[in-house]
Amino acid sequence: MIDLRSDTLTQPTDAMRAAMAAAPVGDDVYGEDPTVRELEERVAGMFGHEAALFTPTGSMANVLAVRLGAGPGTEVLCESSAHIARAELGAHGAYSGVTMRTWTHPRGGIDLAAIEAMWAPDMGPFFVQTRMVSIENTHNFAGGTVLRPDDILPLRDVVDGHDAWLHMDGARLWNAHVATGVPLSEYGACAGVLTVCLSKGLGAPVGSLVVGRQAHIDESRIWRKRMGGGMRQVGILAAAGLHALDHHIERLADDHEHARLLAEACGVDPAGVETNIVVVPRDDAAAFVAGAAEEGVRIGAVGPRAVRIVTHLDVTRADAEHAAAVLARLTPR
């Protein structure tokens, strides 16, 4: 099977497994795992921030990042199909007591006028106060769409003017970096706190990081332990992330090219596909998924009328071309 359901499906390469096996380790709850420290320092430096914290999952990283700025009884504003609103199972309300209000954008982007209209200042015992805006880059459910610094910085000005926080869910920020050529440090300067993932396009088996100021990361370390995320000799996993940073960033351009090939096969304009995700409108989404599976291609429905296709490290050019031929036969012309 050629599996295009998600970029989380990748298998560690032989070289990554060797790096994991050779990693020096220590007890990370004591802060003594040298490989974890190396990963955290490296990622913080890549984004121009003071510190970073390794977490087992992206959802935990987002919960830790959001709670830094939005405490119990306050709110976060985000796009209506954002991962933190749709796909983290209400964790921000359940763990942090945070509520959300949303704007809607057809490509998951920023609607500055809507955000300014929704903004709720501190009005004492009458209304929930807005404390954070969260953006997602790239945007998963909008089809891997990219925000550029020119899109983000006007929002940062608004947020700073309210003495609030801007959070960037950058699970696939590596893809945005490769697609645009914008340095990671420029993206890092756009947000007060951000999260990045190692186990999607970069191909590591586990891991995300929260990136921000040292004091905030120190606080998040305590909350990570409180949430059951304290890990011991976890340098074995951090080594996979270090290997991915060395070897798997620039090759994301191949995934983007393969995604455009698959988009065209499905009747989607490839010019609108910026990274490695294609969302295909289909009134017969379930039947389309089933038909592709019968011919050896796995794709996923993301609703009754939409299908998501995701390219990744384990999809070769030959795989993409074969899958495109299958999907083209199933696409009305």
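Residues numbered from 1 in each chain as written. Predicted model: local features only at pLDDT ≥ 70, side-chain atom pairs only at ≥ 80, totals over all residues. Heavy atoms only, no water.

### Brief notes about the environment of Met 100
Then, in step 1: Within the secondary structure layout, Met 100 lies in strand S4 (residues 99-103).
Then, in step 2: Expressed as a C-alpha distance, the spacing of Met 100 and His 216, which sit 116 residues apart in the sequence, is 22 Å.
Then, in step 3: Once residues lying within four places of it in the same chain are set aside, the contact partners of Met 100 are Val 76, Cys 78, Ile 84, Ala 85 and His 92. (Helix = DSSP H or I, 4+ residues; strand = E, 2+ residues; numbered from the N terminus. Contact = heavy atoms within 4.5 Å.)

### Re the sheet that holds strand S12 (residues 306-310)
Then, in step 1: Pairing is antiparallel in the open sheet, where 3 strands are placed in the order S9-S12-S11. The strands lining the two open edges of the sheet, one partner per strand, are strand S9 (277-281) and strand S11 (300-301).
Then, in step 2: Sheet analysis places S11 next to S12, joined by 2 bridges and oriented antiparallel. Within S12, the position partnered with Ala 301 by the bridge is Val 307. (Pairing = 2+ DSSP bridges.)

### A short note on the pairing of S12
Then, in step 1: S12 sits mainly inside the fold: 5 of its 5 residues count as buried.
Then, in step 2: Side chains Ala 306, Arg 308 and Val 310 of S12 all project onto a buried face; the interleaved residues Val 307 and Ile 309 project onto the opposite face, where all are buried too.
Then, in step 3: Pairing analysis gives 5 bridges linking S9 to S12, with the strands arranged antiparallel. If you follow Val 278 over to S12, its bridge partner there is Ile 309.
Then, in step 4: Connecting the antiparallel pair S11 and S12 is a turn made up of 4 residues, with Gly 303 showing a positive phi of about 150°. (Buried < 20%, exposed > 50% of the residue type's maximum accessible area, 1.4 Å probe, protein only.)

### Looking at the packing of aromatic side chains
Then, in step 1: Enumeration over the complete set of coordinates arrives at 1 aromatic pair.
Then, in step 2: Lying over the aromatic face of Phe 141, Arg 86 brings its terminal NZ or CZ to 4.3 Å of the ring centre.
Then, in step 3: Lying over the aromatic face of Phe 288, Arg 282 brings its terminal NZ or CZ to 3.9 Å of the ring centre. (Phe/Tyr/Trp six-rings, centres within 6.5 Å; stacked < 30°, edge-to-face > 60°. Lys NZ or Arg CZ within 6 Å of the ring centre and 35° of its normal.)

### Quick word on the pattern of salt bridges
Then, in step 1: Across all of its chains, the model carries 17 salt bridges by this definition.
Then, in step 2: When the shortest N-O distance is used, the salt bridge between Arg 298 and Asp 3 registers 3.6 Å. Of this pair, Arg 298 sits in strand S10 (residues 297-298) while Asp 3 sits in strand S1 (residues 2-3); the two residues are 295 residues apart in sequence, bridging distant segments of the chain.
Then, in step 3: On the accessibility criterion, Arg 298 (36% relative accessible area) is partly exposed.
Then, in step 4: The class of Asp 3 is buried, set by a relative accessible area of 16%. (Salt bridge = Lys/Arg side-chain N within 4 Å of Asp/Glu carboxyl O.)

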